[in-house]
Amino acid sequence: SDWRPVTLHEGVFFKHMIRFDDGSKKPVAGDAKQALDLLVEYALRDGGQSLVFVNNRKSTVSVCQRLGALIAPTLTEDDTKHLKTLITSMRKDQGELVAPDESLSVCMQQGVAFHHAGLDHSQRHAVEQGFKDRIIKCIVATPTLAAGVNLPARTVIIRDLWRYDMNFGMVPIPILEYKQQAGRAGRPRYDKVGEAITIAKDSTQEETIFSNYILADTEPIY
């Protein structure tokens with residue numbers, strides 16, 4: 001079945017332009033130097049939320065900390081108030097034996113959070129709840145979030161299509177994994193269209209992403 005409750009547009013970002021699989025193009029304005037930052041700003045317009053997928057835990061934290069400076073100025077007083085309440089409840093749920101992750105708390109105060117398998121239950125629950133309540137505007141996650149939790153966003157940004165393998169070095173991720181991440185885009189009841197966006201460094205890579213991922217058939221499942 002190709003039925004989907006929210007239409008999904010898959011695209012590639014290159015030189016301030018998103019090229020989508022339906023042939024349309026959309027310019028992305030902004031002053032940010034990094035492509036990822038521009039796309040998060042783009043997603044924030046009109047109150048949209050974004051999910052950013054990166055390939056390792058360390059990157060979730062570093063990217064999250066950088067994006068905080070972009071997202072914090074967009075928060076309302078109510079957002080800030082509810083985020084403080086959420087962080088307080090997260091710390092209470094952790095109990096005395098588990099020290100709260102200060103970097104996560106600082107990021108959450110800025111309306112952004114990271115999500116990976118190293119977080120404890122109370123931390124994951126707080127991040128997911130804050131996103132569902134739309135007070136956390138962006139989550140930076142490892143691919144485990146795509147498979148394990150139903151957290152749709154208007155915009156999914158897939159930064160990394162390559163991952164380190166101890167036997168082979170950097171290898172491309174499976175098409176199925178890309179499709180699973182892209183499939184988080186589009187919130188039923190909130191959005192008519194979801195957008196899944198990857199990032200190309202040059203025109204050759206843009207064409208490669210289109211042919212190898214967006215327009216490609218997924219691998220057989222055994």
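Chemist: Can you walk me through the overall build of the protein in this structure?
Modeler: A tally of regular secondary structure across the protein gives 8 helices and 10 strands. Its C-alpha radius of gyration of 17 Å places the protein within 12% of the 17 Å reference for a compact globule of 222 residues. Counting only C-alpha atoms, the protein reaches 50 × 40 × 35 Å along its principal axes. Expressed as a percentage of the 222 residues in the protein, the buried residues total 45%. A fraction of 69% describes how many contacts in the protein between residues 6 or more apart in sequence connect residues 24 or more apart. For the protein, the accessible surface area stands at approximately 11,900 Å², while carbon and sulfur atoms represent 52% of it.

Chemist: Where do I start with the packing of aromatic side chains in this structure?
Modeler: Within a pair of aromatic rings, the relevant descriptors are the distance that separates the centres and the angle that separates the planes. Counted under the stated rule, the structure contains 1 aromatic pair. One Lys or Arg, Arg19, reaches over the ring of Phe210 and ends 4.1 Å from the middle of that ring. Above the plane of the ring of Tyr190 lies Arg134, whose end atom (NZ or CZ) is 4.9 Å from the centre.

Chemist: I would appreciate a short explanation of helix H8 (residues 203-214) in the present structure.
Modeler: Working note: α-helix, 3.6 residues per turn, so residues spaced by three or four point in the same direction. Here H8 is 12 residues long and its end C-alpha atoms lie 15 Å apart, about the 16 Å a rise of 1.5 Å per residue gives. Buried within H8 are the following residues: Glu206, Ile209, Phe210, Tyr213 and Ile214. The buried residues of H8 occupy an angular sector of 110° when projected down its axis, which confines them to one face. Buried-residue contacts for H8 involve strand S1 (7-14), strand S2 (17-20), strand S9 (169-172), helix H7 (175-182) and strand S10 (193-199). Where H8 begins, the capping side chain belongs to Asp202, and its oxygen is found 3.1 Å from the backbone nitrogen of Thr204.

Chemist: In this structure, what is going on with the sheet that holds S10? I would like to understand it.
Modeler: Paired through backbone hydrogen bonds, the strands of a sheet run either parallel or antiparallel to each other. Read from one edge of the open sheet, 8 strands run S3-S2-S1-S10-S7-S4-S6-S5, paired in mixed fashion. Every other strand in the sheet has two partners, leaving strand S3 (25-27) and strand S5 (112-115) as the edge strands with one partner each. Going from strand to strand, the sheet's axes swing by 20° on average, the running direction of each strand aside. Where S1 lies against S2, 4 bridges are found, and the strand directions are antiparallel. By the bridge assignment, Phe13 is partnered in S2 with Ile18.

Chemist: Honestly, unusual backbone geometry in this entry has me stumped. Any pointers?
Modeler: Where the residue is not glycine, phi is negative for most of them; where a peptide bond is considered, it is trans in most cases. Its identity as a non-glycine residue notwithstanding, His16 has a phi of 60°, on the positive side. Relative to the assigned elements, His16 resides in the loop between S1 and S2. Of note, the phi angle at Arg134 is positive, near 70°, even though the residue is not glycine. Mapped onto the elements, Arg134 comes out in the loop between helix H5 (121-132) and strand S6 (138-141).

Chemist: What's the story with empty space enclosed by the protein in this structure? I'm lost.
Modeler: To find leftover empty space, one rolls a probe the size of a water molecule over the atoms. Throughout the structure, instances matching the rule amount to 1 cavity of 30 Å³ or more. Considering only enclosed or pocket space, the largest cavity measures out at about 40 Å³ in volume. Lining the largest cavity we find Phe53, Val54, Asn55, Pro143, Asp160, Trp162, Arg163, Ile173, Glu177 and Gln181. Of all the elements in the fold, those that place two or more residues in the lining of the largest cavity are strand S8 (162-165) and H7. In terms of residue class, the lining of the largest cavity is built from 5 nonpolar, 2 polar and 3 charged.

Chemist: When you look at the layout of surface pockets in this model, what are you seeing that I'm missing?
Modeler: Roughly 460 Å³ of volume is contained in the largest pocket. Considering the residues around the largest pocket, the lining is formed by 20 residues, among which Arg159, Leu161, Ile199, Lys201 and Gln205 are closest to the centre. When contributions to the lining of the largest pocket are tallied by element, the ones reaching two or more residues are helix H1 (35-44), helix H2 (57-71), S9 and H8. Among the elements that take part in the lining of the largest pocket, H8 stands out by supplying 5 residues, more than any other.

What counts as what
Residues numbered from 1 in each chain as written. Predicted model: local features only at pLDDT ≥ 70, side-chain atom pairs only at ≥ 80, totals over all residues. Heavy atoms only, no water. Helix = DSSP H or I, 4+ residues; strand = E, 2+ residues; numbered from the N terminus. Rg over C-alpha atoms; globule rule 2.2 N^0.38 Å. Buried < 20%, exposed > 50% of the residue type's maximum accessible area, 1.4 Å probe, protein only. Contact = heavy atoms within 4.5 Å. Areas by Shrake-Rupley, 256 points an atom, 1.4 Å probe, with all protein chains shown as cover. Phe/Tyr/Trp six-rings, centres within 6.5 Å; stacked < 30°, edge-to-face > 60°. Lys NZ or Arg CZ within 6 Å of the ring centre and 35° of its normal. Expected span 1.5 Å × (residues − 1). Arc of directions from axis to C-beta. Polar contact = N/O pair within 3.5 Å; in protein donor to acceptor, adjacent residues only side chain to side chain. Pairing = 2+ DSSP bridges. Axes fitted to C-alpha atoms, helices over the stretch in contact; angles between N-to-C directions. 1 Å grid on protein atoms, 1.4 Å probe; cavity = no way out; pocket = protein on both sides within 12 Å on 5 of 7 lines; lining within 4 Å. Points joined across faces, edges and corners; volume = space filled by probe spheres on them. Nonpolar A, V, L, I, M, F, W, Y, C, P; charged D, E, K, R; others polar.

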